[in-house]
Amino acid sequence: MNRLRLNNILMALVIALAFIWLFIPFVMAVLWSLVDPSQPWTADKLLPPAMSFYRWVNMWQNSSLQPALLTSYTLAPSAAILSLLLAFPTSFALGRIAFPGREVAKTLCLLPLVVPPFITAVFFTALLYRLGLTAWRPGAIIFAHAVVFLPFSIRILTVSFETVRQDHIDAARDLGAGHWARFKAAYLPALRPGIYASLLIVFIQSIEEFAIAFIVGSPDVVTIPVLLYSALGQDYVRPNAAVLSLILVIPNVFLMLFLERLLKSANPTLASGKG
Amino acid sequence: MTARQWITVTLLLMPGLGLIVWLIGTVVYIAFAQSFGLYNINGESALTTAYWADLLGNNIYLRSVRYSTYIGVMSAIFSVVLAYPLAIWLRKPFTGSMTIGSILKAPLLVHGLVAAFLFVNVISYHGILNQFMQWIGIWDGPHRLQNDNNAIAVLILQTWKNMPFALLLLTGALQGISDDVLDAARDLGAGSWARFRKIIAPLTVSGMQAAIVIIFIGAVSDFAFQVIAGPINRQSLAQLMVGYKGRGDWNSAAVVGATMIIVALFGSAILAGLSKIVMRGRLK
């Protein structure tokens with residue numbers, strides 16, 4: 001059997017498997033979200049007997065979906081901006097200054113990724129209780145998200161800072177540019193894709209984050225994942241859970257695809273205008 | 001470097017790296033301190049090993065340590081074992097390999113809770129899997145598949161979610177091997193197995209260790225999959241910890257939390273070491 005034929009057989013196999021492990025589950029979720037309550041979807045029927053957008057409308061009007069969306073989509077951009085601001089100085093040091101121990105510092109930046117999220121959530125709450133800072137939970141979540149997702153923004157921005165060309169900075173300085181003008185002319189063009197990518201990735205991570213939002217925010221702050229969690233547990237109504245799942249997953253798929261394009265454009269040639 | 005430069009670097013690192021080390025350090029410190037009765041939220045703090053002694057004699061705790069370790073090890077092994085051949089297959093681009101790669105990596109974009117819902121939906125009592133098995137005549141009636149005692153549902157979910165991640169890291173490691181090295185080996189008479197064992201395996205060890213460690217830590221500390229799809233008669237460490245915390249028993253929660261950190265740390269060191277031995281085919 002030649003290599004080409006083997007490849008084609010393997011490809012057919014993967015696509016068939018993907019049909020089972022991706023396509024069918026999502027079609028089921030879409031169908032469940034469209035079940036009209038007038039006629040239940042019983043096991044003997046292949047498709048729901050009556051389909052409508054009733055569940056979507058109902059969830060929109062009569063559940064905590066609207067406030068949860070508002071909460072999630074307020075917390076996430078705040079965490080993204082805070083994380084970017086906190087990452088900026090560190091990334092500058094890691095990307096542009098050669099100091100002993102730089103590799104150790106880079107590795108230490110990954111710490112939040114290896115500590116289990118529920119540990120961070122539970123004992124960060126303990127810290128808040130001890131400090132008497134439990135009053136403003138959204139603020140606590142924004143802070144925790146910004147720090148926990150710092151590894152992403154630091155990593156992305158460090159790479160961006162590394163791509164800034166020293167001759168651009170020198171040229172700007174030779175032409176008499178001050179600090180701000182040098183930053184705008186030499187740094188910013190190279191940093192821009194990294195800044196967008198960092199904002200976007202922390203935004204997506206924060207929208208999806210469950211442990212901290214659930215533990216630190218309970219019971220006042222309800223984000224989309226927290227709402228979905230309760231819809232899967234104590235208030236399990238399958239069509240409602242289907243609606244929430246789709247609301248959580250669809251925007252993020254598009255944002256991730258956008259992020260991938262952004263990260264692809266973040267190469268030095270494009271960022272500095274020459275190779 | 002001069003003292004002045006050191007001060008500049010330190011100041012620059014403070015808001016980013018400084019906050020990370022402070023937050024994670026504090027969190028881990030509180031977990032260990034509270035497990036020994038220190039840094040209490042309610043009541044007096046006093047150094048004691050009573051909470052550890054209490055839980056170490058508690059069957060629910062011991063069972064959940066074993067259970068979480070089992071989930072962590074199995075999830076890491078399944079994900080890497082499935083991802084490895086796929087990564088080798090996708091090493092050299094061919095027509096359609098990009099599409100295949102994207103399809104395989106799609107679960108990375110799906111939230112864990114959503115994945116759990118999708119899966120539970122498929123395996124539920126009147127779900128599509130039960131219907132299908134009855135339709136083709138293998139099963140007479142619907143089987144109860146959700147919350148199975150061996151946590152197969154949790155392992156399938158973990159693998160579903162983590163295999164793409166392992167694939168991502170392994171593809172990166174494999175694509176870093178240059179064709180020249182493999183061609184040279186072939187010219188010297190190395191067959192596929194020898195090329196795999198002597199070149200590909202040793203050169204991808206670090207990528208594989210990274211995948212195993214990160215998947216293991218994530219699966220050991222799993223909460224959502226366990227609560228939604230896991231067995232009812234045992235609890236994962238995270239579930240147990242959240243339960244204690246919910247009842248206001250911070251010290252027991254801290255013992256479980258500290259245990260989780262210890263298991264994650266030692267478990268990943270052991271797994272990383274073992275995978276190195278296996279991939280190099282020798283002890284040193």
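Residues numbered from 1 in each chain as written. Chains lettered and ligands numbered in written order. Predicted model: local features only at pLDDT ≥ 70, side-chain atom pairs only at ≥ 80, totals over all residues.

Chain B is annotated in an unreviewed UniProt entry as Spermidine/putrescine ABC transporter permease of Thalassospira alkalitolerans. The heading Sequence similarities (unreviewed entry) in the UniProt record of chain B holds the text "Belongs to the binding-protein-dependent transport system permease family. CysTW subfamily." (UniProt positions renumbered as here; feature names shortened; annotations may be inferred.)

An unreviewed UniProt entry lists chain A under the name Spermidine/putrescine ABC transporter permease, with Thalassospira alkalitolerans as the source organism. Recorded under Sequence similarities (unreviewed entry), the UniProt text for chain A is reproduced unchanged: "Belongs to the binding-protein-dependent transport system permease family."

Draft legend 1. Seen up close, the overall build of chain B. Secondary structure summary: chain B contains 13 helices and zero strands in total. Walking chain B from its N terminus toward its C terminus, one meets helices and strands in the order α-α-α-α-α-α-α-α-α-α-α-α-α. Over its C-alpha atoms, taken along the principal directions, chain B stretches across nearly 75 × 70 × 35 Å. Counting every position in chain B, which comprises 284 residues, the buried fraction comes to 42%. In chain B, 72% of the contacts between residues at least 6 apart in sequence involve partners at least 24 apart. (Helix = DSSP H or I, 4+ residues; strand = E, 2+ residues; numbered from the N terminus. Buried ≥ 20, exposed ≤ 12 C-beta atoms within 10 Å, placed from the backbone. Contact = placed C-beta atoms within 7 Å.)

Draft legend 2. Spatial organisation of the overall build of chain A. Within chain A one finds 14 helices and zero strands. Taken from the N to the C terminus, the helices and strands of chain A come in the order α-α-α-α-α-α-α-α-α-α-α-α-α-α. In chain A, buried positions account for 41% of the 275 residues. Partitioning the intrachain contacts of chain A with sequence separation of at least 6 by distance along the chain shows that 72% fall at a separation of at least 24.

Draft legend 3. Up close: the packing of helix α5 (residues 112–123) of chain B against helix α7 (residues 152–175) of chain B. All names here are of chain B. Between α5 and α7, the shortest axis-to-axis distance is 10 Å and the interhelical angle comes to 130°. Our classification of the angle between α5 and α7 gives oblique. Of the two possible hands of crossing, α5 and α7 adopt the one that is right-handed. Facing α5, whose interface residues are Gly112, Ala115, Ala116, Phe119 and Ile123, α7 presents Ala153, Ile156, Leu157, Trp160 and Lys161. In the contact of α5 with α7, the residues fall into eight nonpolar, one polar and one charged. (Axes fitted to C-alpha atoms, helices over the stretch in contact; angles between N-to-C directions. Parallel < 35°, antiparallel > 145°, perpendicular 65-115°, else oblique. Left-handed = near helix turned anticlockwise from the far one by under 90°. Nonpolar A, V, L, I, M, F, W, Y, C, P; charged D, E, K, R; others polar.)

Draft legend 4. Representation of the nonpolar core within the structure. If you look at the biggest cluster of nonpolar residues, it comprises 157 residues, and the most contacted ones within it are Val122(A), Leu228(A), Ala116(B), Leu170(B), Met241(B) and Met260(B). Element by element, the count of residues in this core is highest for helix α3 (residues 65–96) of chain A, at 13 residues. (Core = buried A, V, L, I, M, F, W, Y, C linked by C-beta atoms within 7 Å.)

Draft legend 5. Focus on the interface of chain B and chain A. Across the contact, 58 residues belong to chain B and 58 residues belong to chain A. Of all elements in the fold, only α1 (3–35), α4 (97–105), α5, α6 (128–135), α11 (224–229), α12 (237–246) and α13 (250–280) of chain B reach the threshold of two or more residues within the side of chain B that touches chain A. Broken down by element, the side of chain B that touches chain A gets its largest block of residues, 17 residues, from α1(B). Per-class residue counts for the side of chain B that touches chain A are 47 nonpolar, 10 polar and one charged.

Draft legend 6. Structural context of the UniProt feature "transmembrane region" (unreviewed entry) in chain A. UniProt annotation of "transmembrane region" (unreviewed entry) refers to residues 12–35, 75–95, 107–129, 141–164, 185–204, 210–229 and 241–259 of chain A when read in the numbering used here. In residues 210–229 of chain A, the share of helix is 65% and the share of strand is 0%. The end C-alpha atoms are 9 Å apart.

Draft legend 7. Layout of the UniProt feature "transmembrane region" (unreviewed entry) in chain B. Residue and element names in this part refer to chain B. UniProt records the feature "transmembrane region" (unreviewed entry) at residues 6–32, 67–88, 108–128, 210–232 and 252–274, using the numbering of this structure. Helix makes up 62% of residues 108–128 and strand makes up 0%, while its end C-alpha atoms are separated by 24 Å. Secondary structure content for residues 252–274 is 100% helix and 0% strand, while the C-alpha to C-alpha distance between its ends is 32 Å.

Draft legend 8. Structural view of the UniProt feature "domain: ABC transmembrane type-1" (unreviewed entry) in chain B. Within the UniProt annotation, "domain: ABC transmembrane type-1" (unreviewed entry) is assigned to residues 65–271 of chain B. Between the C-alpha atoms that bound residues 65–271 of chain B the distance is 17 Å, and the span itself is 74% helix and 0% strand.

Draft legend 9. View of the packing of helix α8 (residues 150–163) of chain A against helix α10 (residues 179–208) of chain A. All names here are of chain A. Put simply, α8 and α10 touch, their axes get as near as 9 Å, and they point 175° apart. Between α8 and α10, the angle is such that the two are roughly antiparallel. Residues Phe152, Ser153, Ile156, Leu157, Val159, Ser160 and Thr163 of α8 form the contact with α10, whose participating residues are Ala190, Leu191, Gly194, Ala197, Ser198, Ile201, Val202 and Gln205. Along the lines of polarity and charge, the residues of the contact of α8 with α10 split into nine nonpolar, six polar and no charged.

Draft legend 10. Structural context of the environment of Phe165(B). Residues and elements named next belong to chain B. Its place among the elements puts Phe165 in helix α7. As for Phe165 and Pro107, which are separated by 58 residues in sequence, their C-alpha atoms are 9.0 Å apart. Not counting the four nearest positions on each side in its chain, Phe165 is found in contact with Leu108, Ala211 and Ile215.

Draft legend 11. Summary view of the confidence of the model for chain B. Mean pLDDT for chain B: 90, with 99% of residues reaching 70 or above. Scoring of the predicted complex yields 0.88 for pTM and 0.87 for ipTM. (pLDDT = per-residue confidence, 0-100.)

Draft legend 12. Molecular detail of unusual backbone geometry. Here the residue pair Ser218(A) and Pro219(A) is connected by a cis peptide bond, since its omega of 0° sits within 30 degrees of zero. Relative to the elements of secondary structure, Pro219(A) occurs in the loop between α11 (211–217) and α12 (224–232). The residue Tyr39(B) is not glycine, and still its phi comes out positive at about 55°. Along the chain, the position of Tyr39(B) falls in the loop between α1 and α2 (50–56).

Draft legend 13. Fine view of helix α10 (residues 205–220) of chain B. An ideal rise of 1.5 Å per residue puts 22 Å on 16 residues; α10(B) measures up with 22 Å between its terminal C-alpha atoms. Across the 16 residues of α10(B), 13 count as buried, placing the element largely inside the fold. (Expected span 1.5 Å × (residues − 1).)

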